[in-house]
Amino acid sequence: MTAPSWLEASTSRKNKTSEEGMEIDCQPEESIVSSFDEDCVVLGDVKDMMLEAEAVVNDVLFAVAEMHVSQSLNSMSDVAYINVETREGNRYCLELTEAGLRVVGYAFDQVDEDLNTQYHETVYSLLDKLSPGYREAFGNALLQRLERLKQNGQ
């Protein structure tokens, strides 16, 4: 299992300040950007949600049983659909828009128009709510990364 790209980036940018000998994550003037934002393409004022969806899948694929952008549901520049199966075997169809992510169906490629579920700002918060197995995999990836840093003397 490999850690997500944002985890690698956030833990590999440790710097020492000479005056205090303190470790800091990054210089204050550095901008912290997740790979989710780095991979998006802006079309005017609208992000291309298909590319956003691909970035979401790539960031959390390590912590779910299956996840892919739907090929059968019509995605547009302002909406994309992602199918995810949790480690517990539950299947969901997620809608990704500027408002965030939400469950729109309880099977792959299924959109239930009557379903009124809460939007989540990040895929991490959505999966944290849906899947204890995701929480465990995410925690394990973080611990493994921290152990590697400790072994490398960082």
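Our subject is the structure listed above.
So, how was this worked out
Residues numbered from 1 in each chain as written. Predicted model: local features only at pLDDT ≥ 70, side-chain atom pairs only at ≥ 80, totals over all residues. Heavy atoms only, no water. Salt bridge = Lys/Arg side-chain N within 4 Å of Asp/Glu carboxyl O. Buried < 20%, exposed > 50% of the residue type's maximum accessible area, 1.4 Å probe, protein only. Pairing = 2+ DSSP bridges. Helix = DSSP H or I, 4+ residues; strand = E, 2+ residues; numbered from the N terminus. Axes fitted to C-alpha atoms, helices over the stretch in contact; angles between N-to-C directions. Contact = heavy atoms within 4.5 Å. Phe/Tyr/Trp six-rings, centres within 6.5 Å; stacked < 30°, edge-to-face > 60°. Parallel < 35°, antiparallel > 145°, perpendicular 65-115°, else oblique. Left-handed = near helix turned anticlockwise from the far one by under 90°. Nonpolar A, V, L, I, M, F, W, Y, C, P; charged D, E, K, R; others polar.

Is there a simple way to explain the pattern of salt bridges in this structure?
Between side chains of opposite charge, pairing is possible as soon as their charged atoms come close. Counting across every chain of the model gives three salt bridges. For glutamate 85, the salt bridge goes to arginine 91, with nearest N and O atoms at 3.2 Å. On the basis of relative accessible area, arginine 91 is assigned to the partly exposed category, the value being 38%. A salt bridge links glutamate 95 to arginine 102, with the shortest nitrogen-to-oxygen separation between them at 2.9 Å. Across the pair, arginine 102 and glutamate 95 agree in class, each one buried.

How do you make sense of the sheet that holds strand S6 (residues 80-85) when you look at a structure like this?
Strand pairing within a sheet occurs via backbone hydrogen bonds; the two strands may be parallel or antiparallel. An order of S5-S6-S7-S8 is seen for the four strands of this open sheet, with the pairing classed as antiparallel. With partners counted over all chains shown, the strands left at the sheet margins are strand S5 (66-69) and strand S8 (100-105), one partner each. Taken over all neighbouring pairs, the strand axes of this sheet differ in orientation by 25 degrees on average, direction set aside. Where S6 lies against strand S7 (residues 91-97), six bridges are found, and the strand directions are antiparallel.

Even after reading the chapter, I still don't get unusual backbone geometry, so can you show me in this structure?
Of all residues except glycine, most have a negative phi; of all peptide bonds, most are trans. At aspartate 109, a residue that is not glycine, the phi angle is positive and equals roughly 55 degrees. Its place among the elements puts aspartate 109 in the loop between S8 and helix H4 (123-130). The class for aspartate 109 is partly exposed, based on a relative accessible area of 32%.

Can you help me understand the environment of glycine 133 in this one?
Take glycine 133: it is sitting in helix H5 (residues 132-151). Classification of glycine 133 as buried rests on a relative accessible area of 12%. For the pair glycine 133 and valine 64, spaced 69 residues apart in the sequence, the C-alpha separation amounts to 7.7 Å. Those residues within four positions of glycine 133 in sequence are excluded, and the remaining contacts are Ala63, Arg87 and Glu88.

Hey, could you run me through the packing of aromatic side chains in this one?
Within a pair of aromatic rings, the relevant descriptors are the distance that separates the centres and the angle that separates the planes. Counted by the stated rule, this structure contains two aromatic pairs. Seen in terms of ring centroids, tyrosine 92 and tyrosine 106 are 5.9 Å apart; in terms of plane orientation they differ by 65 degrees. Their pairing is edge-to-face. Placement of the pair is tyrosine 92 in strand S7 and tyrosine 106 in the loop between S8 and H4, with a sequence separation of 14 residues. Residue tyrosine 92 is classed as buried on the basis of its relative accessible area, which comes to 9%. Ring centres of tyrosine 134 and phenylalanine 138 lie 5.9 Å apart, and the angle between their planes is 35 degrees; this geometry places the pair in the tilted category.

Would you mind going over the packing of helix H3 (residues 49-60) against H4 with me for this structure?
Relative orientation of the contacting elements H3 and H4 amounts to 55 degrees, with a least axis distance of 11 Å. In terms of their interaxial angle, H3 and H4 are classed as oblique. Where H3 crosses over H4, the handedness of that crossing is right-handed. Residues Val56, Asp59 and Val60 of H3 form the contact with H4, whose participating residues are Val123, Tyr124 and Leu127. The class makeup of the residues in the contact of H3 with H4 is five nonpolar, no polar and one charged.

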